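One letter stands for each residue in the lines below.
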Amino acid sequence: MKSFREGLAERVTIFAPRRRGKTEFVQRDIAPMAKAQGILVVYVDFWRDKASPATALATAVMTARREQESWFKGLLSNSSLKASLNLLGGDLALEVSQQRKQAEKKIVEAAFDELESTDKPVLLLLDEVQHLATDPDFSDFTAALRSFMTARSDYKIKGIFTGSSQEGLAQLFKRTKAPFYNASSTIEFPDLGEDFVAFELDVFRRVTGGAHLDGSKANEVFRAMARAPGRFTDLLKRMVLEEVHDIDEGVSRFSDTVIEEDHQQFMTLWQGMHPMDKALLIMISRGEHKGLYSDEYKTKLKALCPELDPPKNSAIQNAVNRLKNHPINAIFSSEHGLWRFADPAFEHFVASQDNQGDETEF
């Protein structure tokens, strides 16, 4: 916020794997601070309406002005933005592609007009922004958003982009032809650690009237959850509700609903994957991050799935494309020719499958 105020930054990007607390951070820390400084805060979740980023933005703009500018409530019924949203939502004929594009263009223009008309500085919190890279149909919206945020001579519009896909990050910000190339600086969003666990255990003690949980065991549980704060706090909440004051008992009783939730999701994805994709993931989980097309690497892939033909470059490339474009964006290229998991929790799952040594899965 200080960087924004002093003109040192206009836009920043915060990327981290799923369930690391990014949304909590921007909503519960950044947003209140910005509002206290007289800034209009617009939080946009692009997963709110996955089919229409324009609608997600417009709805967020209208909500922000209604909630943060009391005088705007009386004008809402006459708002061109509201009229545009009603048009898109109420006319089934707009499912026709060209008509819908025209309607969404009007919505975006109306949303921008609303932001220009406020006398407050504006902070756009754009969550799950990697979604804009998932469909070519979003390119017009993305270009319009970039132009609105960057092609201006004033300092009214600031932006924080957050997301969980490193591949999406590259497509939007890092590659030379990316729509937001050089338009934002990336800041690290570090994993929470022992301080977070100690804080949560103190909260647990206060709400239970003095129950203490073992700190060492709690940290082990947090690490086993791939340092995902949402999972850890969910576990403690369930323990409070059920009056369970021993963390081992809590893990034992609630693992199916809290700790194993992602495991079940990953298992479903794993079972539907191509054998070559599984072999490649296992290799990467073993630390084999590069040299995917070398003869040595192909030999190791063949050993993992002997029922397949000897891997060719094209087969490996197809596997890479499937994995990086997978709904969970399984892998990403941190630098040329070097591949890593986007989500440490999924990497932990793949390693567990490898340790089982059950090649029947392939």
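For the structure, see preceding data.
Considerations on the packing of aromatic side chains
Counted by the stated rule, this structure contains eleven aromatic pairs. Measuring from ring centre to ring centre gives 4.1 Å for Phe112 and Phe148, while their planes differ by 0°; the resulting arrangement is stacked. Of the two residues, Phe112 sits in helix H5 (residues 97–117) while Phe148 sits in helix H6 (residues 139–150), which places them 36 residues apart along the sequence. Positioned above the aromatic ring of Phe148 is the side chain of Arg152, whose terminal nitrogen or guanidinium carbon lies 5.2 Å from the ring centre.

Comments concerning helix H9 (residues 215–224)
Taken as a whole, H9 has its buried residues at Ala218, Asn219, Val221 and Phe222. Buried residues of H9, viewed axially, fall in a sector of 160°; they line one side. Looking at H9, the residues exposed on the side facing more than 90 degrees away from the buried face are Ser216 and Ala224. Positive phi shows up at Ala226, right after H9, with a value of about 60°.

Section: the layout of surface pockets
The space that makes up the largest pocket amounts to roughly 1,100 Å³. Along the walls of the largest pocket sit 42 residues, with Gly21, Lys22, Glu24, Phe25 and Pro229 positioned nearest its centre. For the lining of the largest pocket, the secondary structure elements donating two or more residues are helix H1 (2–5), strand S1 (11–15), helix H2 (22–36), strand S2 (40–45), strand S5 (185–188), helix H8 (194–207) and helix H10 (229–241). A breakdown of the residues in the lining of the largest pocket according to their chemical character gives 21 nonpolar, six polar and 15 charged.

Things to note about the sheet that holds S5
Pairing is parallel across the open sheet formed by five strands, whose spatial order is S2-S3-S4-S1-S5. Each of the sheet's edge strands pairs with one partner strand only, and the pair in question is S2 and S5. Strand after strand, the sheet turns through a mean of 20° between neighbouring axes, direction not considered. The pairing of S2 with strand S3 (residues 122–127) spans six bridges and is classified as parallel.

What to know about the side chain of Arg11
Residue placement: Arg11 occurs in strand S1. The side chain of Arg11 sits in the buried core without any salt bridge; Glu10 is the nearest counter-charge, 5.0 Å away. Polar contacts involving the side chain of Arg11 include one to the main-chain carbonyl oxygen of Met149, which spans 3.2 Å. Excluding anything up to four places from it in sequence, Arg11 contacts Phe4, Met149, Thr150, Gly159, Phe161, Ala183, Ser184 and Ser185.

Some thoughts on the environment of Lys35
Turning to its location among the elements, Lys35 is positioned in helix H2. When the C-alpha atoms of Lys35 and Val122 are compared, they prove to be 9.8 Å apart, with 87 residues separating the residues in sequence. Excluding residues within four positions of it along the chain, Lys35 makes contact with Val41 and Gln68.

A few points about the nonpolar core
In terms of nonpolar packing, the biggest core is built from 33 residues, with Val42 and Met149 touching the most fellow members. Where this core is concerned, the elements lending two or more residues are S2, helix H3 (53–68), H5, S3, H6, strand S4 (157–163) and helix H7 (166–174). Among the elements that line this core, the one with the most residues is H3, at seven residues. Setting aside its immediate chain neighbours within four residues, Val42 contacts Ala60, Val61, Ala64, Leu115, Val122, Leu123, Leu124 and Leu125. Core analysis: the second largest hydrophobic core is formed by 29 residues, Trp270, Ile284, Leu301 and Ala345 among them.

Procedures and definitions
- Sequence order as written defines the numbering, with residues in each chain counted from 1.
- Given that the model is predicted, a residue must reach a pLDDT of at least 70 before its local features are reported, and side-chain atom pairs must reach 80 or more before they are shown or counted; all residues, however, enter totals for whole chains, interfaces and linings.
- Water and hydrogen atoms were dropped before computing side-chain values, which therefore reflect all heavy atoms in the structure.
- Note on aromatic pairs: the rings of Phe, Tyr and Trp (six-membered ring only in Trp) are paired at centre separations within 6.5 Å, and the planes decide the class, stacked below 30 degrees, edge-to-face beyond 60, tilted for the rest.
- For helices the rule is a DSSP run of H or I covering at least 4 residues; for strands it is a run of E covering at least 2, with both sets numbered from the N terminus onward.
- Remark: a charge is flagged as sitting over a ring if the NZ atom of Lys or the CZ atom of Arg is within 6 Å of the ring centre and within 35 degrees of the ring normal.
- Exposure classes here rest on a 1.4 Å probe applied to the protein chains alone. A residue is buried below 20% of its type maximum, exposed above 50%, and partly exposed in between.
- The arc in question is traced by the directions running from the helix axis to the C-beta atoms.
- Cavity means a closed set of points on a 1 Å grid over the protein atoms alone, one where a 1.4 Å probe fits but cannot get out, pocket means an open set with protein on both sides within 12 Å along at least 5 of 7 lines, and lining means a residue has an atom within 4 Å of a point.
- Grid points are joined across faces, edges and corners, and a volume is the space filled by probe spheres set on the points.
- Charged residues are taken to be Asp, Glu, Lys and Arg, nonpolar residues to be Ala, Val, Leu, Ile, Met, Phe, Trp, Tyr, Cys and Pro, and polar residues to be all remaining types, Gly included.
- Think of it this way: DSSP has to see at least two bridges between two strands before they count as a pair.
- Convention adopted: a line fitted to C-alpha atoms gives each axis, helices being fitted over their contacting stretch, and angles between N-to-C directions are expressed from 0 to 180 degrees.
- Charged residues are defined narrowly, with Lys and Arg counted positive, Asp and Glu counted negative, and His plus the chain ends left uncounted.
- By definition, a salt bridge exists where a carboxyl oxygen of Asp or Glu is found within 4 Å of a side-chain nitrogen of Lys or Arg.
- Polar contact is the term for a pair of N or O atoms within 3.5 Å; when the atoms are in protein, one must be able to donate a hydrogen and the other to accept it, and sequence-neighboring residues count only if both atoms are side-chain atoms.
- What makes two residues a contact is simply this: any of their non-hydrogen atoms within 4.5 Å.
- Nonpolar cores are built from buried Ala, Val, Leu, Ile, Met, Phe, Trp, Tyr and Cys residues. Side-chain atoms within 4.5 Å join them into one set.

Any functional reading would require information beyond the geometric quantities listed.
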